[in-house]
Every structure is written in structure tokens, then in C-alpha cells.
Amino acid sequence: ELLYEGPGLRSFGLNFSFIPKSAQEATIVSQIILELKIWSSPEEQGSLYKIPCIWEIKYGGAGGTWMNLFKRAACTNIGVAYNQGLDMHATFSNGYPLRTDLQLNFHEVDVITRRDHQQNPTGAGF
């Protein structure tokens, strides 16, 4: 009882490396990142702001059957690095980089409870 301060909200990050095969794919990568930025930012409404979107995140493919689940979460930061790890800056003919690394940070908006772990169909909990 002395150490327990109450339930907390979990933060987590996801990292992605995009290595497009063509200038067209590099354009799509840029569009994906822009959409993430748009929907993770507040919207101006006069002197007030409308809160950004809340995300529902799930692992795809076979990993979704045994990996932990996530509660609804707000995106708190988006980090983008271009051509990370390359010795020089290189682009496709349209100017888009050969490699784009994306770091997304999230903060869950719902508390994880014991029942969540017990009722999780994957058996991995949250």
C-alpha cells in the first residue's frame, strides 16, 4: 500500500523504416507521414483547439495473434529522420530520400485493468 499510487496510463513507441524501391513509392511514404502528422495535431477552432484523433493500434499479420494489445492512444510525438545511417544524403530523381525512419510515440488514454489481461483473447495481455 505504501508504494502503490494508483493506476497509470502507459506510454509506448513504435519505429518504422521505409526503404522505397522507386520515386513513386517514396512519394507514398511522404504522404503516409503527412497524414499521420495531420491527424495527430489539434485543429484550430477560433481561440480554442479541437483535440487530435485518438488512435486504435493493432499488430497486423500473425503477430496480432500472440503479441500484446494496446488501449486507445494519443500520438504525442512524431519523429522523422531521412537517410539515417547512410554516409551521404541521397534522393530519387523527384527529391524524396532513399530511406525514411519514422518514430511514433503514444500515450494510452484508458487505464489497463486486471480484467483487460484476463479477457484478452491472445493470452499476451496488454
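Located above this text is the structure these notes cover.
Calculation criteria
Residues numbered from 1 in each chain as written. Predicted model: local features only at pLDDT ≥ 70, side-chain atom pairs only at ≥ 80, totals over all residues. Heavy atoms only, no water. Core = buried A, V, L, I, M, F, W, Y, C linked by side-chain atoms within 4.5 Å. Buried < 20%, exposed > 50% of the residue type's maximum accessible area, 1.4 Å probe, protein only. Helix = DSSP H or I, 4+ residues; strand = E, 2+ residues; numbered from the N terminus. Contact = heavy atoms within 4.5 Å. Salt bridge = Lys/Arg side-chain N within 4 Å of Asp/Glu carboxyl O.

S.K.: I'd like to hear about the nonpolar core, residue by residue, with values.
M.R.: Core analysis: the biggest nonpolar cluster contains 12 residues, these being Phe12, Leu14, Val29, Ile33, Leu36, Ile57, Phe70, Ala73, Cys75, Leu102, Leu104 and Phe106. Those elements that place two or more of their residues in this core are strand 1 (11–18), helix 1 (23–39), strand 5 (73–82) and strand 6 (100–108). Beyond its immediate chain neighbours, meaning those up to four positions away, Val29 contacts Phe18 and Thr100.

S.K.: Which residues make up the pattern of salt bridges, and what are the values?
M.R.: Throughout the structure, instances matching the rule amount to four salt bridges. When the shortest N-O distance is used, the salt bridge between Arg10 and Glu108 registers 2.8 Å. Highlighted residues: Arg10 in the segment before strand 1 and Glu108 in strand 6, separated in sequence by 98 residues. According to the relative accessible area criterion, Arg10 is partly exposed, its value standing at 24%.

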